[in-house]
Amino acid sequence: MNFAFSEEQVALRETVAQFLEQKSPSAEVRRIMETTEGYDPEVWRQMGEQMGLQGLHIPEEYGGQGYTFVELGIVLEEMGKRLLCAPYFATVCLAANAVMNAGSDSQKKELLPGIASGETIATLAFTEPSGKWDADGIAMTYEPAGDGFALSGEKMFVIDGHNADLIVVVARKAGTSGTEGISFFTVAGDAAGLTRTALETMDMTRKQAKLEFSGVPAELLGEEGSGWAALSKTLDQAAVCLSSEMVGGSQEVLDMSVEYAKVRVQFGRPIGSFQAIKHKCADMLLETESAKSAAYYAAWAAAEDNEELPTVACLAKAYCSEAYFHCAAENIQIHGGIGFTWEHDAHLYFKRAKSSETYLGDATYHRELLAQRIGI
């Protein structure tokens, strides 16, 4: 594995960074996060049609660009820096991966081109009111109905669930428990019997929804009863993607802190000359660079579909979560009183850091999961 990026990957980073600098400045983030939809349809269209970002790591045979999780990680890192308000993570990192991991070849050819072009907004609905991230948290049941299936139950904390045209749902066969009897299904966003309610969230830059299913018609995705392996892999890939995004946020708050420490004068000298501020910035730098190493290695493992993916995904998610949250908190401290105000962007990164820390399981959860996976 080579930690150095190729010229093509560097060019991709620069192109995406320039695009997001224009389309996702602070003022635009604040405007969009106040809307119910939580994204700009025109920017989303440009991302798909002009940039090809939605199909970046989707194979060419299914309408994508055919790149890997390494390139996807680069894009997510830049999005994390800019707090992009868009259903990108839900569509690309959750739903698209779920379809690729669980679907048949014909289903991939049917579903992925729309995602790759940006025409289809999709999401993965797997968490429920219990808030558990493992197999025991899946209580929603399915039953045969005509030529397909019907879903009944409730899903919570579904990212962009109220916007999605396509919802990939995880449910289990009645009477099963643990990892047995779990299957994937696809549901149209406007399906009969489906009620979608946008939730009020601490992090307003990433929308979530509650989905209530009452005999909702659904189509089986992949083979019935064999969904746990695909779900586990999808969640590991999502953890890798989220780690890349958190690295971008961590780098941004570090840059904000360093810049402010250079220009803020107290007692006749820049506050960056004070030992306490130097130590904070040095600690933030160490944590951010270490988080990059973990995230980049995890992205490589995902790109290669390496056997280490289950372990390094846990490692990256645990470390990057704590690094980002600590850096975001220290950014507020370095900015002092102004960092606590609504007018300053420091709190936006702090809230994103906290929501990212808990989403898919916090550091404690992933350390325990890592211990189980390596047999400790």
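Treat the numbers as computed from the prediction; the structure is a model and nothing was measured.

Observations concerning the side chain of serine 321
Item 1. Tracing the sequence through the fold places serine 321 in helix α9 (residues 309–335).
Item 2. Here serine 321 falls in the buried class, since its relative accessible area comes to 0%.
Item 3. A distance of 2.6 Å separates the side chain of serine 321 from the backbone oxygen of lysine 317, its partner in a polar contact.

Some words on the packing of aromatic side chains
Both the distance between ring centres and the angle between the ring planes are used here to describe each pair of aromatic rings.
Item 1. Tallying each qualifying case throughout the model produces 10 aromatic pairs.
Item 2. Between the aromatic rings of phenylalanine 126 and tryptophan 133, the centroid separation amounts to 6.1 Å while the plane-to-plane angle is 55°, which identifies the pairing as tilted.
Item 3. On the basis of relative accessibility, which here comes to 18%, the residue tryptophan 133 falls in the buried class.
Item 4. One cation-aromatic arrangement involves arginine 13 over phenylalanine 5; the distance from NZ or CZ to the ring centre is 5.3 Å.
Item 5. Over the face of the ring belonging to phenylalanine 89 we find arginine 206, whose NZ or CZ atom lies 5.0 Å from the ring centre.

Focus on helix α4 (residues 69–82)
Item 1. If you check α4, its first and last C-alpha atoms are 20 Å apart, about what 14 residues at 1.5 Å a residue would give, namely 20 Å.
Item 2. Most of α4 sits out of view: 13 of its 14 residues are buried.
Item 3. N-capping of α4 is provided by threonine 68, with a side-chain oxygen placed 3.1 Å from the backbone N of valine 70.
Item 4. Leucine 83, located one to two residues past α4, shows a positive phi value of around 50°.

Calculation criteria
- Starting afresh in each chain, residues are numbered from 1 along the sequence in its written order.
- Totals for whole chains, interfaces and linings use every residue, but because this is a predicted model, local features are given only for residues with pLDDT of at least 70 and side-chain atom pairs only at 80 or more, for both listing and counting.
- Excluding hydrogens and water, the side-chain figures rest on all heavy atoms present in the structure.
- Helical segments are the DSSP runs of H or I of at least four residues, strand segments are the runs of E of at least two, and each set is numbered from the N terminus.
- Summary of the burial criterion: residues with accessible area below 20% of their type's maximum are buried, those above 50% are exposed, and those between are partly exposed, where the area comes from a 1.4 Å probe applied to protein chains only.
- N or O atoms within 3.5 Å of each other form a polar contact, as long as, within protein, one can give a hydrogen and the other can take it, and as long as residues adjacent in sequence are counted only when both atoms are side-chain atoms.
- Classification of ring pairs uses Phe, Tyr and Trp, with its six-membered ring standing for Trp, and accepts pairs whose centres are within 6.5 Å; under 30 degrees between planes counts as stacked, over 60 as edge-to-face, and the remaining range as tilted.
- Put simply, a charge is over a ring when the Lys NZ or the Arg CZ is close to the ring centre, within 6 Å, and near the line of the ring normal, within 35 degrees.
- A helix is expected to span 1.5 Å for every residue after the first.

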